[in-house]
Amino acid sequence: MASAPNARSAGPENEDHIIEVHDVWKTYSMGDQEVHALRGVSLDVIRGEYLSIMGPSGSGKTTLFNMVGALDRPSRGTVVVNAIEMGSLSQAQIAYLRCHNIGYIFQSFNLIPVMTALENVALPMVFSGMKKSEYEDKAAHKLTQVGLGERLKHNPYELSGGQQQRVAIARAIANDPDLVLADEPTGNLDLKTGQEIIELLQRLQSDSGVTIVTNTHDHKMLVASDRVVDLRDGQVELVRRRDEIDIQEGRIEGLDIEELSN
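All values reported here derive from a predicted model rather than from experimental measurement.

### Some remarks on the overall build of the protein
When its secondary structure is counted, the protein shows 8 helices and 13 strands. Per-residue burial for the protein yields a buried fraction of 48% across its 262 residues. Look at the contacts in the protein between residues 6 or more apart in sequence, and 70% of them connect residues 24 or more apart. With an accessible surface of roughly 12600 Å², the protein has 47% of that area assigned to carbon and sulfur atoms.

Set out below in structure tokens:
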């Protein structure tokens, strides 16, 4: 197993920042043309907050999300997570970081169909080297924490979409990460179930202090978010605290909800 990557020194100015994105550019080559998915994005995420990244399709939010999760590397600039510069890590170190410090929640759940809910949640614990006697009890506790204590032995096809997403959330927090990255966590759910998932994420953040960063089109996420980042054309257009956002029917303080959802 790879050793934990070394953290860079964190000064007083960034001691409360779990994520620091500084002047990040991402450029893709398409034939003779260059496409700038991100254009000089800078953003700090405060430890323990619930932050939502929003913007229309093509705004760069998925690209930024992938940079933070070390699923991609910047063409220029730096991404620092937990005082570790992600661009300096080997693949083995990135794998270690993902297993121990970052939890992922995906729109399509990404559960293994032949495994039970308990086995799906236990998988990150197995990868981290935990003993069976420990990970089975802990996985059961995580499922109970998300309201699925009676569904431990059910396979994904025996669960509703909302229940599958709860399993995915339990798996994301299996190794007690500092950071949870949720990619469109309500995208495949109906309104009621989506609201339940948002409330669950908010409760987990409040109870455990975990930092949650969501990439979302769902304007219901605004109610749970401490801050909302709006991306446009690969750049940060707005960063607002929840108490600065006036949510009215169909509009968010000058922003068209329908436009954000495209």
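### A short note on the layout of surface pockets
In this structure, the largest pocket encloses a volume near 370 Å³. Considering the residues around the largest pocket, the lining is formed by 17 residues, among which Arg 98, Tyr 104, Pro 124, Phe 127 and Arg 171 are closest to the centre. Counting residues per element, the ones that place at least two in the lining of the largest pocket are helix H2 (91-100), strand S6 (102-106), helix H3 (117-127) and helix H5 (161-172). Of the residues assigned to the lining of the largest pocket, the class counts are 11 nonpolar, 4 polar and 2 charged. Of the pockets and cavities examined, the second largest pocket occupies roughly 150 Å³. Residue lining of the second largest pocket: Lys 142, Gln 145, Ile 173, Asp 176, Pro 177, Leu 204, Ser 208, Gly 209 and Val 210, and that is the complete set. Elements with a minimum of two residues in the lining of the second largest pocket: helix H4 (132-145) and helix H6 (191-208). Residue composition of the lining of the second largest pocket, grouped by class: 4 nonpolar, 3 polar and 2 charged.

### Description of the packing of H5 against H6
The axes of two packed helices give the description: the angle between them and the distance between them. Orientation of H5 relative to H6, taken along the N-to-C sense of each, is 20°, at an axis distance of 10 Å. For the element pair H5 / H6, the angle class is roughly parallel. Once H5 is placed against H6, the crossing between them reads as right-handed. For the pair H5 and H6, contact is made by Gly 162, Gln 165, Arg 166 and Ile 169 and by Thr 193, Glu 196, Ile 197, Leu 200, Leu 201 and Leu 204, respectively.

### Section: the pattern of salt bridges
Scanning the model with the defined rule gives 10 salt bridges in all. We note a salt bridge from Asp 243 to Arg 241, for which the minimum N-O separation is 3.3 Å. By relative accessible area, Arg 241 is classed as partly exposed at 43%. For Glu 244, the salt bridge is made with Arg 241, and the minimal N-O distance between the two is 3.4 Å.

Calculation notes
- Note that residues are indexed from 1 along each chain, following the sequence as it is written.
- Local features in this predicted model are restricted to residues of pLDDT 70 or higher, and side-chain atom pairs are both shown and tallied only at a pLDDT of 80 or more, whereas totals for entire chains, interfaces and linings draw on every residue.
- To get the side-chain values, all heavy atoms of the structure are used, and hydrogens and water are removed first.
- Strands are runs of DSSP state E lasting at least 2 residues, helices are runs of H or I lasting at least 4, and numbering of each runs from the N terminus.
- We call a residue buried when its accessible area falls under 20% of the maximum for its residue type, exposed when it is over 50%, and partly exposed in between, using a 1.4 Å probe and counting protein chains only.
- Contact criterion: two residues are considered in contact whenever any of their non-hydrogen atoms come within 4.5 Å of each other.
- Accessibility throughout is a Shrake-Rupley quantity obtained with a 1.4 Å probe, and a residue counts as covered only by protein chains that appear here.
- Using a grid of 1 Å spacing that covers the protein atoms alone, one calls a set of points a cavity when a 1.4 Å probe fits there but cannot get out, and a pocket when the set is open and has protein on both sides within 12 Å along at least five of seven lines; lining residues are those with an atom within 4 Å of a point.
- Grid points are joined across faces, edges and corners, and a volume is the space filled by probe spheres set on the points.
- For this scheme, ten residues count as nonpolar: Ala, Val, Leu, Ile, Met, Phe, Trp, Tyr, Cys and Pro. Four count as charged, namely Asp, Glu, Lys and Arg, and the remainder, Gly too, count as polar.
- In this description, a line fitted to the C-alpha atoms serves as the axis of each element, helices being fitted only across the stretch in contact, and the angle between N-to-C directions of two axes falls anywhere from 0 to 180 degrees.
- The scheme is simple: roughly parallel for angles under 35 degrees, roughly antiparallel for over 145, roughly perpendicular for 65 to 115, oblique for anything else.
- Throughout, a crossing is termed right-handed when the near helix is turned clockwise from the far one, and left-handed when it is turned anticlockwise from it by less than a right angle.
- Throughout this description, the term salt bridge denotes a Lys or Arg side-chain nitrogen within 4 Å of a carboxyl oxygen of Asp or Glu.

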